[in-house]
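Analysis of the macromolecular model
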2 protein chains.
Amino acid sequence: MPRNLRHLLTVTALSLGLAGPVLADDLLDEANAVFKPLPSTIPAVRDNPITKEKIELGKALFFDPRMSASGVFSCNSCHNLATGGDDNLETSIGHGWQKGPRNAPTALNAVFNEAQFWDGRAEDLKAQAKGPVQAGVEMANTPDKVIATLKSMPQYVEWFDAAFPEQGDPVTFDNFAKAIEAYEATLLTPAPFDAYLNGNDAALGDQEKAGLATFIDKGCASCHSGINVGGNGYYPFGLIEKPGAEVLPEKDKGRFAVTATADDSYVFRAAPLRNIALTAPYFHSGKVWDLKQAVAIMGTSQLGEHLTDQEIDDIVAFLGSLTGEVPQVIYPVLPAETAGTPRPTEDVIPGK
Amino acid sequence: MPRNLRHLLTVTALSLGLAGPVLADDLLDEANAVFKPLPSTIPAVRDNPITKEKIELGKALFFDPRMSASGVFSCNSCHNLATGGDDNLETSIGHGWQKGPRNAPTALNAVFNEAQFWDGRAEDLKAQAKGPVQAGVEMANTPDKVIATLKSMPQYVEWFDAAFPEQGDPVTFDNFAKAIEAYEATLLTPAPFDAYLNGNDAALGDQEKAGLATFIDKGCASCHSGINVGGNGYYPFGLIEKPGAEVLPEKDKGRFAVTATADDSYVFRAAPLRNIALTAPYFHSGKVWDLKQAVAIMGTSQLGEHLTDQEIDDIVAFLGSLTGEVPQVIYPVLPAETAGTPRPTEDVIPGK
């Protein structure tokens, strides 16, 4: 049923005191046509069979600050599972107190993104995992030093052996990345919205449903759809009207850096919106702290719509229903360093 | 029985093939006269009744990076429960990439130290907990901003209410510190040495027992005694022979800064040795990475003894029996920030 017809019926039904299951089902049908609930099991990933051993190894690596040159930062530093899978900073602070160029995206449910990073330059999480560890402004490490660090601790070598059996020399940078991908694939956060998509009408309140309807009606769902309510497809930020340079800094041309195609200037992957209420500040620039303001900016820049306060409040209520339950994480006890473990260094190497 | 007599008996017994339970019991008796096993329950602390609610709140605070001005560092950053309760750095890296003046001590079992910090300047963990959060080179925050941050998140206010019932306004810096102390009081790591002290002779191997005997014989246990095998009493570093300035930097006069008493120059609290195998590098300067070297330095500087390689190996084996089991930590899910949460700042304020 077209939305305008549905609206008409809603108004009629309300005026007749007839609002109820039929219309609720209608919204649910529409939602299920656009979105998908999280699966109930860990998803398969390309070229990386997921095993219990790989997950456990990946968890240790994810939390191990010795994967950084300084010994200060782990994956979890910027993708903190205690705070929505990100660091709640404008852009992350890394090696030498340098600031990263873009806001750290959440690691939660990231396995369902079409590609990783704001510009999609990593095709999957195992490709992504190799980035920050080597970035000079983040963990500032090298694959060689990561491997030397891991090989210096017999417990890690055992864990790699268990995670990658039948490999002669399993402690490799590729396997490091695969183990982290396997762990991240477990970071699913089922939310009230999933319960709703799965047929539990009571999982969303009236305002959340109103927000969902508005989200679809206004066109937000054209880009923010699928299992991650985003995370798929690339769109110009400022499709209708460019936001100010504070929010969309001129120098960061987004996907243009990946494709060198003029059409990709200021193009970014649509942000995945699960747990968005936990992951302020917003946008790749991290300049907007208030989710209402972020929604309003999206309205004008992407849709040419000046959303009313009520519409914004409703949409924010709907977005709140995407806040899910983080899986219980037993904090790992990491292998002890040995005499052979490379020493941490806080030195900043220019150009690195 | 005096040790020299015991030695004579040991030699005699060994030559007669009589080594056994009696002599083993003798070492156990001596050990129990000098050391104490960890208790089986959470210890009581001064002026801070420990409750489940306080522990849970304290755990959240311990892991929350928003307690730092930058939003980067939590207590766990430098007292990482995944890596022996410390950060495995020479001295910690904090706000603005500044280096702290002394090696971060482990938070594990710290509740049993007579006082906190290398110079004992905090009488207990609740006094200690207020230090790093305000130190300009560490978390660089202020009590006011900590409280404003906590009060901005309704979930934290609820947790404080539950942890400190019958207080009108429980979100205070004192209660912040008390909750962290309550959590830290749970961080006990029972080790093979505890099993031995509790009467299980098989909990230590032969070399560990030889190391224990040497540790007592040579006088190490004169300072490193009690439940934490140290952590009590203050002693000059370089009692017999000052180590080089690399290990004992001239400018750091230790407890002199606390008492302003000449006798306290280069005096430090005896390091607690539980989990010492996990917490390299060593000494307040963090300059020594190898535990064998650290033991050798202690021999010459504190005892005037040039320990043999065998003696050092034995002592290191004994110290390994102090590595305990870290309690299982469920990584917390922290309250989400709100519009009222003070923003993180990476700026370094001179003199702060």
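Residues numbered from 1 in each chain as written. Chains lettered and ligands numbered in written order. Predicted model: local features only at pLDDT ≥ 70, side-chain atom pairs only at ≥ 80, totals over all residues. Heavy atoms only, no water.

Here we come to the relation of the copies chain B and chain A. Of the two same-sequence chains, chain B is brought onto chain A (RMSD 0.0 Å, axial shift 0.0 Å) by a rotation of 180°. These values place the two chain copies in the arrangement generated by a two-fold rotation axis. Minimal C-alpha distance to the rotation axis in chain B is attained by Ile330(B), lying at 2.3 Å. Taken as a fraction of all interface residues of chain B, those also at the interface in chain A reach 100%, which identifies the copy contact as same-surface. (Least-squares fit on C-alpha atoms with pLDDT ≥ 70 in both. Contact = heavy atoms within 4.5 Å.)

Moving on: the domain arrangement of chain A. All names here are of chain A. Parsing chain A into structural domains produces domain 1 (24-39 + 189-322) and domain 2 (52-185). A separation of 27 Å is found between the C-alpha centroids of domain 1 and domain 2. Around 2100 Å² of area is buried between domain 1 and domain 2 when both sides are counted, 49% of it from carbon and sulfur atoms. Linking domain 1 with domain 2 are 2 salt bridges, by the criterion used here. Taking the shortest distance from any N to any O, the salt bridge between Asp 252 and Arg 102 comes out at 2.7 Å. In this structure, the connection of domain 1 to domain 2 is made through 15 residue pairs in polar contact (both at pLDDT 80 or more). Taken together, the residues of the side of domain 1 that touches domain 2 break down into 13 nonpolar, 12 polar and 5 charged. (Domains from an automatic or database assignment. Buried area = accessible area lost by both parts, 1.4 Å probe. Salt bridge = Lys/Arg side-chain N within 4 Å of Asp/Glu carboxyl O. Polar contact = N/O pair within 3.5 Å; in protein donor to acceptor, adjacent residues only side chain to side chain. Nonpolar A, V, L, I, M, F, W, Y, C, P; charged D, E, K, R; others polar.)

With that out of the way, let us pick up the environment of Lys287(A). All names here are of chain A. Here Lys 287 shows up in the loop between strand S2 (267-269) and helix H14 (291-303). The class for Lys 287 is partly exposed, based on a relative accessible area of 30%. C-alpha of Lys 287 to C-alpha of Thr 91: the two residues are 196 residues apart in sequence and 8.9 Å apart in space. (Helix = DSSP H or I, 4+ residues; strand = E, 2+ residues; numbered from the N terminus. Buried < 20%, exposed > 50% of the residue type's maximum accessible area, 1.4 Å probe, protein only.)

The subject of this paragraph is the packing of helix H11 (residues 206-217) of chain A against helix H15 (residues 309-320) of chain A. All names here are of chain A. In contact at an axis separation of 7 Å, H11 and H15 are set at 105° when each is read in the N-to-C sense. In terms of axis orientation, H11 runs roughly perpendicular to H15. In contact with Gln 207, Glu 208, Ala 210, Gly 211, Leu 212, Thr 214 and Phe 215 of H11, H15 contributes Gln 310, Glu 311, Asp 313, Asp 314, Ile 315, Ala 317, Phe 318 and Leu 319. Per-class residue counts for the contact of H11 with H15 are 7 nonpolar, 4 polar and 4 charged. (Axes fitted to C-alpha atoms, helices over the stretch in contact; angles between N-to-C directions. Parallel < 35°, antiparallel > 145°, perpendicular 65-115°, else oblique.)

Attention now moves to the pattern of salt bridges. Under the definition given, this model contains 33 salt bridges over all chains. Across the pair Glu90(A) and Lys99(A) runs a salt bridge whose closest N-O atoms are separated by 3.6 Å. Lys126(B) serves as the salt-bridge partner of Asp124(B), at 3.1 Å between the closest nitrogen and oxygen. By relative accessible area, Asp124(B) is classed as buried at 8%. One continuous salt-bridge network, built from bridges that share partners, spans Glu90(A), Lys99(A), Lys287(A) and Glu346(B).

With an omega of -5°, the peptide bond running from Ala280(A) to Pro281(A) counts as cis. Note on placement: Pro281(A) falls in the loop between S2 and H14. A positive phi angle, near 75°, is found at Phe283(A), a position not held by glycine. When you line up the elements, Phe283(A) lands in the loop between S2 and H14. With a relative accessible area of 11%, Phe283(A) lands in the buried category. Positive phi values are uncommon outside glycine, yet Glu166(B) reaches one of about 65°. Position of Glu166(B) relative to the elements: it lies in the loop between helix H8 (154-163) and helix H9 (173-184).

This part takes up the interface of chain B and chain A. With 37 residues of chain B at the contact, the number on the chain A side is 38 residues. Taking both partners together, chain B and chain A bury about 3200 Å²; carbon and sulfur atoms supply 69% of that area. Broken down residue by residue, the surface that chain B buries against chain A is led by Trp97(B), Trp289(B) and Tyr331(B), which jointly contribute 25%. In this structure, the connection of chain B to chain A is made through 2 salt bridges. Note that Lys99(B) and Glu346(A) form a salt bridge whose closest N and O atoms lie 3.3 Å from each other.

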